[in-house]
Amino acid sequence: MGTLRDFKLEVYFGRHEFSAPHLLAQSDCESMTVSELLEFEPEAEQRLKDAWLGYTEVPGDPELRDLVASLYTTMDGDDVLVHTGAQEAVFAYMSVLLEPGDHVISMYPTYQSLYEVALSQGCEVSRWSLMDMGNGWTLDFDELRGLLRPNTKLIVVNTPNNPTGYTLNEEEIRELCRIASGQGINIFADEVYKGLDLDGARRPWVADVYDRATSLGVMSKAYGLAGLRIGWVASKDAALLDRQLRFKHYMSICNSAPSECLAVIALKQGDRLLERNREIIRGNLALADAFFKRCGGLFADHPPQCGPVAFHRMNKEVDMGEFCEELVRKSGVLLLPSTAYEYPGPYFRMGYGRRNFAESLRVFEEHLTEQGLVQRG
Ligand SMILES: Cc1ncc(COP(=O)(O)O)c(C=O)c1O
């Protein structure tokens, strides 16, 4: 394995996330205290107190795996492997599947580990780029077909996408799987934002459609419970899942017992949590819509189709990295610049899953007014 370059987004958040007072870029939905979660069911508190603090089962707690499997239409508990967050799962999957010289196609822009781990392993990575259509984002499947090579081993998608909010619809998922199956290519589908379908459509998990697909899920994002560090992969590819389990022996070995217990409690009430978070996002999107109107033509609004983040364009030639650094220094508002995605152009990510969004947005607007970028209303 070669060098892993800095994870730009995580380095940026590492500098600001716990000091900036107004977080306007976060991708995880509103969280809660342990006490609040324990109020979800009468036996929950006792259940946590009774949790045994020995080693846990390497593939994950059986009840948790069954609950995760029930989110899918074709999975059972044995098709699920629990990991420490989504990030460990990404690293384990790429490590067991890929070899130097393999060709990988990755949706782009996206969360850096989804292509960076492959690069560090000596793979060639082609970017399947989302295109800015002015009023939203789109993907070209002919472009994907054109990127295929005889040694293409893996296609990586992130849907709903971080940062654009672009989400494959059911027909696109089926098309993607048809393209991959034509050449026996694996798919890694990072679906950590699944469950935040703002349009009410119910899209399948990619691993329910294609045997060589692996779906990545997590408690961090749509459920707002990042502190649990509980993620998972689900796949019908039992051999690959087993190799990933053996790789986990070299990583966390097994998951935290209290976290698995709390994840079970949360998933039993999963629909309630998702509905709460969709409501927060919908409310914040309405506030943002009015904000963008008040800003005149300063920004191109690109609302997400699903998920808690959007990638907005500033209609001004600015260095987005510098703009965001100055913003956080002067006003304490944290946005995520396109530079964190190695993406050209004046874009920034905004997050819609937090309850204090209105206040953060107000401070952002105040800053824009002070800078003379927006007229005082
Ligand atoms: C698309 C995507 N995948 C994976 C992760 C990692 O998730 P976790 O923090 O739960 O490990 C993130 C976190 O931001 C993400 O946005």
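Conventions we followed
- Residues numbered from 1 in each chain as written.
- Predicted model: local features only at pLDDT ≥ 70, side-chain atom pairs only at ≥ 80, totals over all residues.
- Heavy atoms only, no water.
- Helix = DSSP H or I, 4+ residues; strand = E, 2+ residues; numbered from the N terminus.
- Rg over C-alpha atoms; globule rule 2.2 N^0.38 Å.
- Buried < 20%, exposed > 50% of the residue type's maximum accessible area, 1.4 Å probe, protein only.
- Contact = heavy atoms within 4.5 Å.
- Areas by Shrake-Rupley, 256 points an atom, 1.4 Å probe, with all protein chains shown as cover.
- Lys, Arg positive; Asp, Glu negative; His and termini not counted.
- Charge placed at Lys NZ, Arg CZ, Asp CG, Glu CD.
- Phe/Tyr/Trp six-rings, centres within 6.5 Å; stacked < 30°, edge-to-face > 60°.
- Lys NZ or Arg CZ within 6 Å of the ring centre and 35° of its normal.
- Near = heavy atom within 4 Å.
- Polar contact = N/O pair within 3.5 Å; in protein donor to acceptor, adjacent residues only side chain to side chain.
- Nonpolar A, V, L, I, M, F, W, Y, C, P; charged D, E, K, R; others polar.
- Domains from an automatic or database assignment.
- Buried area = accessible area lost by both parts, 1.4 Å probe.
- Salt bridge = Lys/Arg side-chain N within 4 Å of Asp/Glu carboxyl O.
- Arc of directions from axis to C-beta.
- Pairing = 2+ DSSP bridges.

K.L.:
Any chance you could explain the overall build of the protein chain here in plain terms?
P.N.:
When helices and strands are counted, the protein chain shows 14 helices and 15 strands. Its C-alpha radius of gyration of 21 Å places the protein chain within 12% of the 21 Å reference for a compact globule of 377 residues. Principal-axis analysis of the C-alpha atoms gives the protein chain an extent of 60 × 55 × 40 Å. The buried share of the protein chain, reckoned over its 377 residues, is 59%. Taking as baseline every contact in the protein chain between residues at least 6 positions apart, the subset at least 24 positions apart corresponds to 74%. By element, 51% of the accessible surface of the protein chain is carried by carbon and sulfur atoms, the whole surface being about 15600 Å². Between the centroid of the 38 positive side chains of the protein chain and the centroid of its 55 negative side chains there is a distance of 2 Å.

K.L.:
Got a minute to help me understand the packing of aromatic side chains in this structure?
P.N.:
The relation between two aromatic rings is expressed through the spacing of the ring centres and the mutual angle of the planes. Taken as a whole, this structure holds 23 aromatic pairs when the rule is applied. Geometrically, the ring pair formed by Y108 and Y343 is tilted, given 5.8 Å between the ring centres and 40° between the ring planes. Highlighted residues: Y108 in strand β3 (residues 103-108) and Y343 in the loop between β14 (336-337) and β15 (347-351), separated in sequence by 235 residues. No difference in accessibility class separates Y108 from Y343, as the two residues are buried. An aromatic cluster is defined as three or more aromatic residues linked by ring pairs; in this entry it consists of Y108, Y115, W137, F311, Y341, Y343 and Y347. When the ring centre of W205 is taken as origin, the NZ or CZ atom of K194, which lies over that ring, is 5.4 Å away.

K.L.:
Sorry if this is basic, but what is going on with the site of the ligand here?
P.N.:
Around the ligand, 14 residues are found, and the nearest of them are N162, D190, Y193, S220 and K221. One nitrogen or oxygen atom from the main chain of Q87 is found 2.9 Å from an oxygen atom belonging to the ligand. Take Y193: an N or O atom from its side chain is 2.6 Å from an oxygen atom of the ligand. Coverage of the ligand by the protein chains reaches 93% of its 390 Å² of free accessible surface. For the shell around the ligand, the element with the highest residue contribution is helix α5 (residues 85-97), accounting for three residues. Its residues placed into classes, the shell around the ligand shows five nonpolar, six polar and three charged.

K.L.:
What exactly am I supposed to notice about the domain arrangement of the protein chain here?
P.N.:
Often, the extent of an interface is quoted as the loss of accessible area on bringing the components together. Along its sequence, the protein chain is carved into domain 1 (8-33 + 271-367) and domain 2 (54-269). Here the C-alpha centre of domain 2 lies 24 Å away from the C-alpha centre of domain 1. Across the contact, 37 residues belong to domain 1 and 37 residues belong to domain 2. It is Q305, C306 and Y341 that lose the most area in domain 1 upon contact with domain 2, and together they represent 21% of the buried surface on that side. Our enumeration of links across domain 1 and domain 2 arrives at one salt bridge. Here R127 and E342 are joined by a salt bridge, their closest N and O atoms 3.7 Å apart. Summed over the shared surface of domain 1 and domain 2, the number is 23 residue pairs in polar contact (both at pLDDT 80 or more). Taken together, the elements giving at least two residues each to the side of domain 1 that touches domain 2 come down to α1 (8-16), α12 (270-294), β12 (309-314) and β15. Tallying contributions element by element places α12 first for the side of domain 1 that touches domain 2, with nine residues.

K.L.:
Hey, could you run me through the environment of C254 in this one?
P.N.:
Within the secondary structure layout, C254 lies in the loop between α10 (238-248) and α11 (257-268). On the basis of relative accessibility, which here comes to 11%, the residue C254 falls in the buried class. Distance in space between the C-alpha atoms of C254 and W52 is 14 Å, their sequence separation being 202 residues. Those residues within four positions of C254 in sequence are excluded, and the remaining contacts are Y55, T56, E57, V58 and K248.

K.L.:
Help me understand α1 in this model?
P.N.:
The periodicity of an α-helix, 3.6 residues per turn, causes residues three or four positions apart to be oriented the same way. Those residues of α1 that fall on the buried side of the exposure criterion are L9, Y12, F13 and H16. For α1, the angular spread of the buried residues around the axis is 95°, confining them to a single face. Summarising the contacts, the buried residues of α1 are in contact with α13 (320-331), β13 (333-334), β14 and β15.

K.L.:
What am I meant to see in the sheet that holds strand β11 (residues 299-300) here?
P.N.:
In a beta sheet, neighbouring strands are held together by backbone hydrogen bonds and run either parallel or antiparallel to one another. Read from one edge to the other, the open sheet built from four strands follows the order β11-β12-β15-β14, with strand pairing classed as antiparallel. Single-partner strands in this sheet number two, and they are β11 and β14. The sheet contact formed by β12 and β15 spans five bridges and is antiparallel. When the bridges of β15 are listed, H312 appears paired with F348.

K.L.:
Which parts of the structure should I look at to understand helix α4 (residues 62-69)?
P.N.:
Those residues of α4 that fall on the buried side of the exposure criterion are L64, R65, L67, V68 and A69. Among the structural elements, β2 (80-84), β10 (230-235) and α11 are those in contact with the buried residues of α4.

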